[in-house]
Amino acid sequence: MIQRHRTLPPAKVIVNAPAKRPWFGYPYAIVGAAQFNAQAALHGVGGGDEFLSGANAATANIVPHPGGLSLRLSNNADMAIEESNLTARQPKEFYATAALVQASNQALAAAHSPITLHTDGTSITIWTGWSTQNILLRVTPQLNAGNPNLLPQNCNAVGARVVGAETESMLGRGQRVAARTAARLAPAAWQAYKDAYYDEEQEFNENARADAIAREYVTALPNSRRALATAGANQYAKPAVGEAYMIATIGGGAPQPNGTSRVRDFASGTDRDLGWSFHFAGVVARSGTDRVTLENYARGDNRQNGADPRWYFQMYGEQAAQTFHEVNASSPNYANPVTVTVGRANDAKALHKAD
């Protein structure tokens, strides 16, 4: 039976082990001196500087959890991370067994990733039963065995580091896989798109053609579980360590005066003004159906591919309401979204040239 990762409420996250163990209700977390650091917004520092320690700072505003800590715990009880929706706090660490960290670093090395996972002397204990427990070590990232604050800001650039790919190729790889997935569920509109693109005698309206693909894709979704599972897409996207999730908007966008792009979301029947049309999250650790990702995103201060200290971790599962796709697709930041796996094996090819 496949189970989802669970959330340990504050009542099960204990600072010091009690003299007498509980008889039931496992698992419990004994966290000791672990602080569970995360970056948080600092009063008076907002906009493009949000989560920084000051205006245009080179460090994030990192603070320990203020109390009432809940943990996301993997089903195998060998990974744990602060429970967060990433709005107020974005985790800067997670906890995992030594064996899991070693396996993750081996997979990252095999992907030629410059990312490694680093542990120190801080640990927590997960009581899984009366006489069973797991020791989890605090994990932070390193870039080229050094300072992770040199990681870039843009999500595709961070994803490229995890995947071991060139930043310039990451978006093209993802677009190609996303386009193929949408095409699988929108074959009529996709064929019409290609016919129009290669027919020099008819006018090619890319936005209208892309909207036709998006409409057919969304219409097919309610009955597309088998096709999505076969494609490994949306809630069935299951990247390995050294690969990345990518969620992408499908549809044509009309530029707006404020720099956004207006895209029709056919599921909701609304127009959405989008500042970006995709997001990447590189997988750096995995336990069964649970994955920890390393992420960042465009913050609006034009650091883009330059160094930004606001990287963070998050954990996703494979069960309902826990998948990367469901968590992100529920946001109005995307329209007609598709989620795919991107790795070094995906080659970059323009969207309109895809087979």
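Look above for the structure.
One structure accompanies this document, and this report is about it. (Residues numbered from 1 in each chain as written. Predicted model: local features only at pLDDT ≥ 70, side-chain atom pairs only at ≥ 80, totals over all residues. Heavy atoms only, no water.)

## Describing the side chain of Asn61
Right, on to step 1. Locating Asn61 in the fold gives a position in the loop between strand S4 (38–40) and strand S5 (62–63).
Right, on to step 2. Side-chain polar atoms of Asn61 contact the backbone oxygen of Ala40, separated by 2.9 Å.
Right, on to step 3. Sequence-distant contacts of Asn61, defined by excluding residues within four places in its chain, comprise Ala38, Gln39, Ala40, Ala41, Leu42, Phe51, Leu52 and Ser53. (Helix = DSSP H or I, 4+ residues; strand = E, 2+ residues; numbered from the N terminus. Polar contact = N/O pair within 3.5 Å; in protein donor to acceptor, adjacent residues only side chain to side chain. Contact = heavy atoms within 4.5 Å.)

## Digging into helix H5 (residues 206–220)
Right, on to step 1. An ideal rise of 1.5 Å per residue puts 21 Å on 15 residues; H5 measures up with 21 Å between its terminal C-alpha atoms.
Right, on to step 2. Three or more residues of H5 are buried, namely Ala210, Asp211, Ile213, Ala214, Tyr217 and Val218. An end-on view of H5 places all buried positions within 160° of arc, on one side of the element.
Right, on to step 3. Residues of H5 that are buried in the fold lie against helix H3 (167–185), helix H4 (187–198) and strand S19 (338–342). (Expected span 1.5 Å × (residues − 1). Buried < 20%, exposed > 50% of the residue type's maximum accessible area, 1.4 Å probe, protein only. Arc of directions from axis to C-beta.)

## Focus on unusual backbone geometry
Right, on to step 1. In this structure, Pro27 follows Tyr26 across a cis peptide bond, with omega equal to 10°.
Right, on to step 2. The backbone phi angle of Ala145 is positive, close to 65°, even though this residue is not glycine.
Right, on to step 3. Looking at the secondary structure, you find Ala145 in the loop between strand S11 (133–143) and helix H2 (155–163).

## Concerning the sheet that holds strand S16 (residues 278–287)
Right, on to step 1. Strand order across the open sheet formed by 5 strands is S18-S17-S16-S12-S19, with antiparallel pairing between neighbours. Two strands close off the open sheet at either side, each with one partner strand: strand S18 (312–316) and S19. In this sheet, neighbouring strand axes are inclined to one another by 30° on average, regardless of whether the strands run parallel or antiparallel.
Right, on to step 2. Strand direction decides the pairing type here: strand S12 (residues 244–248) and S19, joined by 5 bridges, are antiparallel. Considered in S19, the bridge of Tyr245 is made with Thr341.
Right, on to step 3. Relative to the sheet, H2 contacts S12, S16, strand S17 (290–295) and S19, its axis offset from that of S16 by approximately 30°. (Pairing = 2+ DSSP bridges. Axes fitted to C-alpha atoms, helices over the stretch in contact; angles between N-to-C directions.)

## Describing the pattern of salt bridges
Right, on to step 1. Applying the stated rule across the entire model yields 13 salt bridges.
Right, on to step 2. Where Arg138 meets Glu93, a salt bridge forms, and the shortest distance between an N and an O atom there is 3.6 Å. Remark: Glu93 occurs in the loop between strand S8 (89–91) and strand S9 (94–96) and Arg138 occurs in strand S11; sequence separation between them is 45 residues.
Right, on to step 3. Its relative accessible area of 4% is what places Glu93 among the buried residues.
Right, on to step 4. Arg264 is the salt-bridge partner of Asp271, the closest N and O atoms lying 3.3 Å from each other.
Right, on to step 5. Residue classification places Arg264 among the partly exposed positions, given a relative accessible area of 33%.
Right, on to step 6. Ionic contacts of the salt-bridge type, sharing partners, join the residues Asp301, Arg303, Asp308 and Arg310 into one network. (Salt bridge = Lys/Arg side-chain N within 4 Å of Asp/Glu carboxyl O.)

## With respect to the sheet that holds strand S14 (residues 261–265)
Right, on to step 1. If you trace the 3 strands from one edge of the open sheet to the other, you get S13-S14-S15, paired in antiparallel fashion. Edge positions in the sheet fall to strand S13 (253–255) and strand S15 (270–274), since each has one partner strand and no second. When the angles between neighbouring strand axes are averaged without regard to direction, this sheet yields 30°.
Right, on to step 2. Pairing of S13 with S14, which is carried by 3 bridges, proceeds in the antiparallel orientation.

## Some thoughts on a nonpolar patch on the surface
Right, on to step 1. Judged by side-chain polarity, Trp23, Phe24 and Trp130 come together as a nonpolar surface patch covering roughly 470 Å² of accessible area.
Right, on to step 2. Owing to a relative accessible area of 65%, Trp23 belongs among the exposed residues under this scheme. (Patch = residues over 30% accessible without salt bridge, like charges linked within 9 Å, V, L, I, M, F, W, Y side chains within 5 Å. Areas by Shrake-Rupley, 256 points an atom, 1.4 Å probe, with all protein chains shown as cover.)

## Notes on the environment of Thr125
Right, on to step 1. Residue placement: Thr125 occurs in strand S10 (residues 115–127).
Right, on to step 2. Taking the C-alpha atoms as reference, Thr125 lies 31 Å from Tyr236; in sequence the two are 111 residues apart.
Right, on to step 3. Residue contacts for Thr125: discarding those within four places in its chain leaves Tyr28, Ala29, Ile30, Gln133, Asn134 and Ile135.

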